[in-house]
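Tertiary structure, described
Given next are the chains, with one letter for each unit.
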Amino acid sequence: MQNGNNNESLIPYPIRFGITGSRNILLSEELRISIRMAITEGVNKLITPNNQHIVTPRSCKIITSLADGVERIAVKEAIDVLNAQLEVFLPIIEDEYKNTLLSDESRTEFDNLVLNAASIESFIDKPLKEKYPGKEFHECWQEVYQRFQEELITRCDVLITLTEDNENDYGEYAKVKYARVINKPILIIPCDTNKGFHIENYTRRIEEELESFEFINNYNTKTNKYQKKIKQSNDEFINNALADKLTPDNIETVKRVLLPVYTKISLIAARYQNLYKNSGLAVYLFSPFAVVMVSLAIYYQDYSNVFYSIEFILLFIILFVIRYADKKRTHRKWLYHRYLAELLRSTIYLALAGKKQGEIKITPDLRVAHKPNEWMIKFHSQVIEKIEKRICTTNNLEAVKYFITEGWLNNQIEYHGKNAIKLSKRNHDFEWYGWIIFGTALILAFSHLILSAFDLGEGFEVYYEIVPFLAISLPAFGASVGAIRNHREYARLSRRSKNMCQTLEYLKDECSKIKTNDELKLWLKKAEKIMLRESQDWLMLMKYIKLDAI
C-alpha cells in the first residue's frame, strides 16, 4: 500500500551486533566465506521476521574490540554485508590495548579500521598501572577483560560469537553463558565449516520493536485526519510570527523530518488513548447494569430468563472488551506513543532554537517506567541521529528567547493550567456523584429497615419492591463511578499539572534573565531535563494502571 511517506520521514530501526571470537582459530578463505554466509542468513532471520515486506530501513552497528584473528574477519564481513557502522569498544585505553595485538601488521590493520569507525571508547579510561597501582598487567588483565566482555554483551542487541566448541573454548563459552543468563539473542557461528550456524534466545523483542517502527513508518499520510493534523502542527511550530526570525535551515529540518514523524505518532497515541479509555468506560458502565439484571431477575421471576440472558450478554461484552484491549495492548501503546510524542515535541523546540538534543539518560529510579533500550528510546535516538548534522546554531538570542518563552513555555503553562482545572473539576464531579449515590443508597437502606418494621398496608407494595431493588443496585453504580475516577487518575494528574505550571513559571523567569548564547545553551539543557523528567514521571504514574472488571 502506498502510504505517501517520504524517505526523510522514514526512521531506521537500529540494531547493534556485538562480535567476539577466539584468537586460537586457524584462518582460511573457506572459513571467511562460511562466516559471511552465516552472518548474511542469520542476521536476515533476526531482523526480517516471517519474510514480511518491510519498508523500515535498518541501521546496523557493530560493537567490537577488533581482536586479532577470526573476530576481525567477522567484523569486516559484517560491515560489508550489513552496511554497518563500526563502534570500537576496547577493554583498556587504545595505546595499551594495541600492545596486546599479535603483530605490527595486526596493529596497522587495527589503526585503519579505527579511522573509519563511528566511535571509539575504552572500558577503562586510564592505564592499568594507574587504575590498579602495584599490580602487574597480567594480574588485572583477566578480571578487566571479563567485566569488559559482560559490558559489551549488555550493550549489544545480538551477540555474534565465533568458536570451535563452546564447551572446550572456555573464553567464548563464558561469553555465551553470560549472554544466556541475561537472555540476550546469540548467533553462534561454528568455525568448523561443516557445521551450520544457529540462533539461541531469540525472543519477540526484536520483532516487536521492528513492528513498532514499521507501524509508524507505514502510517498512511494521505488521510484527511493526517493532513489536518500536519497543518495544525505546522501552524503551532512554524507558520507563526514567533518563528519568523529563527534560522531557516532549522525550520526546514523540522518541517521535512520532525513534523511528519511527530504528527504520525501523535495520531497513533490519540487512537490508542481513545480505544483504552472507551474500553474502560464500557467495562465500568456495563458492570453495574449486570448487577441490575440480576436484581430484576430476582424480583420478576417470570422474566428471569430474559434478565439472566441480558446479564450474560453484558458479562460477555465486558470480558470481550478487556481481552480485546489487552490483546491490542491499547494501554501500553497509548503510553509509549504519547511519551515518544512528548519527547519529539521537546526535540522540535530545541531544534528550532538551534540546540542539538542530548542522549536520554534513564536513571535507576526511572527504570520502573522503561528500560534504556526500549523501542521508543531507540526511535528517538534515531530521529536525533537523522537531524543532528542539519541543526545550526542560532545567533539571534532575542528571537530564540521570544520563541522559547511564547511558543514553548507559555504554551505549556496554558496547557497545564487548563488541564489542572479540567481534571480537578472532573475529579470533584465524580466525588460528588459517588457521594450522592452512596447517600441515596444509605437512605434507601434505612427506609428498607423502616418498611420492614412497620406494615404500611395496601398502596405501599411498590415501595416494598423498589426500595430493596435500588438498595442492591445503587452501590454497584457507586463502585462504577469510583472505578472510572481511579482509572482516569483525575486527582493525581491534576496535581501534576499544577506542579508543572510552577516549574514552568520558574523556567520562564530564568529565561528572561539570559544575556548570552552560552547562558542560553545551559538554560536549554536544564529545560530539556525538566521536560524529560515530567514525561517520565507521567509514564511511571500511568504505566501500572490496569483495566479490570469491577
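For the structure itself, look to the data block above.
Residues numbered from 1 in each chain as written. Predicted model: local features only at pLDDT ≥ 70, side-chain atom pairs only at ≥ 80, totals over all residues. Heavy atoms only, no water.

The N-to-C vectors of helix α8 (residues 205–217) and helix α13 (residues 375–387) enclose an angle of 50 degrees; their axes lie 10 Å apart at closest approach. When the interaxial angle is binned, α8 and α13 end up oblique. The interaxial crossing formed by α8 with α13 has right-handed handedness. Every residue of α13 that contacts α8 at R205, E209, S212, F213 and I216 is listed here: W375, K378 and F379. Residues belonging to the contact of α8 with α13 are distributed by class as follows: four nonpolar, one polar and three charged. (Axes fitted to C-alpha atoms, helices over the stretch in contact; angles between N-to-C directions. Helix = DSSP H or I, 4+ residues; strand = E, 2+ residues; numbered from the N terminus. Parallel < 35°, antiparallel > 145°, perpendicular 65-115°, else oblique. Left-handed = near helix turned anticlockwise from the far one by under 90°. Contact = heavy atoms within 4.5 Å. Nonpolar A, V, L, I, M, F, W, Y, C, P; charged D, E, K, R; others polar.)

Moving on, we get to the packing of helix α12 (residues 330–352) against α13. One way to put it is that α12 packs onto α13 with a least axis distance of 10 Å and a crossing angle of 25 degrees. For the element pair α12 / α13, the angle class is roughly parallel. In the packing of α12 onto α13, the handedness of the crossing is right-handed. Residues Y336, H337, Y339, L340, L343, L344 and T347 of α12 touch α13, and the partners they reach there are W375, M376, I377, F379, H380, V383, I384 and I387.

This paragraph deals with the side chain of S494. Structurally, S494 can be placed in helix α16 (residues 490–512). Overall, S494 belongs to the buried group, its relative accessible area being 4%. Non-local contacts of S494, meaning those with residues more than four positions away in its chain, are made with A420, L423 and S424. (Buried < 20%, exposed > 50% of the residue type's maximum accessible area, 1.4 Å probe, protein only.)

On to unusual backbone geometry, then. The phi torsion at N183 lies on the positive side, around 60 degrees, for a residue other than glycine. On the secondary structure map, N183 appears in the loop between α7 (170–181) and β6 (186–190). The partly exposed category is assigned to N183, whose relative accessible area is 43%.

On to the pattern of salt bridges, then. Inspection of every chain in the model, using the stated rule, returns 31 salt bridges. Between R32 and E77 there is a salt bridge whose closest N-O contact spans 2.9 Å. Highlighted residues: R32 in helix α1 (residues 29–47) and E77 in helix α2 (residues 70–82), separated in sequence by 45 residues. Since its relative accessible area comes to 9%, E77 is described here as buried. The residue E528 makes a salt bridge to K355 at a minimum N-O spacing of 3.1 Å. Placement of the pair is E528 in helix α17 (residues 517–543) and K355 in the loop between α12 and α13, with a sequence separation of 173 residues. By the burial criterion, E528 is buried, and K355 matches it. (Salt bridge = Lys/Arg side-chain N within 4 Å of Asp/Glu carboxyl O.)

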